[in-house]
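# Survey of secondary and tertiary structure
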Amino acid sequence: MVNRAFVLRIISFLMVAGLVIVIIVSMSGSRGSRKSIDEVSPVLIQLFENDRTELSPERMFKKHYGFNAADFDGVVLYSPKSNMDAEELLIVKLADENQGEALLAAAEQRRADQMNIYEGYAPEQYDLCKNGIADLQGNYFLYVVHENAAEIDSSFRKALD
């Protein structure tokens, strides 16, 4: 028979080791990208850009999302030229990773607002909004409403490496 005290000692050791591993993994967290927004955004803009959208001034970031661009390490916003279009691209390099959740909530609210606008009269634009992507990766955030949103999101993740 195996000594019961020995078995309990082994179980205790494994539990402590597991706890240490969990602590190490959670502390390493998402380290974020060291790349500047000027390095990350060009490939995404190339996939997104079309004749229905344009680079928007910083005041539009404040209007649509409620944040000052100066509070972040970089903001790129492409918005539709016409109210009849829903396509949108937002790339933000966070100054502090704590900004991410609030930005994610603002983007989800923006998507819900846009869906409410287009739901009754523009089903194609409604579907674009419905399939839009909000993606928080460490110190970077992407919000994209576009027919190729998944491809743009994939390129976003690759650009951060």
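The rules behind these values
- Residues numbered from 1 in each chain as written.
- Predicted model: local features only at pLDDT ≥ 70, side-chain atom pairs only at ≥ 80, totals over all residues.
- Heavy atoms only, no water.
- pLDDT = per-residue confidence, 0-100.
- Helix = DSSP H or I, 4+ residues; strand = E, 2+ residues; numbered from the N terminus.
- Contact = heavy atoms within 4.5 Å.
- Pairing = 2+ DSSP bridges.
- Axes fitted to C-alpha atoms, helices over the stretch in contact; angles between N-to-C directions.
- Core = buried A, V, L, I, M, F, W, Y, C linked by side-chain atoms within 4.5 Å.
- Buried < 20%, exposed > 50% of the residue type's maximum accessible area, 1.4 Å probe, protein only.
- Salt bridge = Lys/Arg side-chain N within 4 Å of Asp/Glu carboxyl O.

### Considerations on the confidence of the model for the protein chain
Predicted confidence across the protein chain gives a mean pLDDT of 88, with 86% of residues reaching 70 or more. Element-level pLDDT for the protein chain is lowest in helix H1 (residues 4–28), with a mean of 64, against a maximum mean of 97 in strand S3 (residues 88–93).

### Focus on the environment of Cys129
Relative to the assigned elements, Cys129 resides in helix H5 (residues 123–130). Between the C-alpha atom of Cys129 and that of Glu119, which follows or precedes it by 10 residues, the distance is 9.7 Å. Aside from chain neighbours lying at most four places away, what touches Cys129 is Ala86, Arg111, Gln114, Met115, Tyr118 and Val145.

### Here's the deal with the sheet that holds S3
Read across the sheet, 5 strands follow the order S1-S2-S3-S5-S4 without closing on themselves; strand pairing throughout is antiparallel. Looking at the sheet topology across the chains shown, the edges are occupied by strand S1 (53–55) and strand S4 (133–137). If you compare each strand with its neighbour and ignore which way they point, the axes differ by 10° on average. Across 5 bridges, S4 lies against strand S5 (residues 140–145) in antiparallel orientation. The residue bridging Asp135 from the neighbouring strand is Leu142, located in S5. Along the sheet, helix H2 (residues 37–48) makes contact with S1, strand S2 (74–80), S3 and S5, crossing S3 at roughly 170°.

### Side note on the nonpolar core
Among the nonpolar cores identified, the biggest contains 22 residues, and Phe61, Tyr65, Leu90, Val92, Leu103, Phe141 and Tyr143 are the most heavily contacted of them. Listed by contribution, the elements that provide at least two residues to this core are helix H3 (58–65), S3, helix H4 (100–118), H5 and S5. At 5 residues, H4 tops the list of elements feeding residues into this core. Counting residues in hydrophobic clusters, the runner-up holds 18 residues, among them Phe48, Tyr140, Leu142 and Val144.

### Re the side chain of His64
With respect to the secondary-structure elements, His64 resides in helix H3. Apart from the residues within four sequence positions on either side, His64 is in contact with Ser79 and Arg110.

### Regarding the pattern of salt bridges
Opposite charge on two side chains permits them to pair, given that their charged atoms come into close proximity. This structure, assessed with the given rule, holds 6 salt bridges. Note that Asp51 is salt-bridged to Arg52, the shortest N-O span being 3.7 Å. Each of Asp51, Arg52 and Glu87 takes part in salt bridges that share partners, so that together they form one network.

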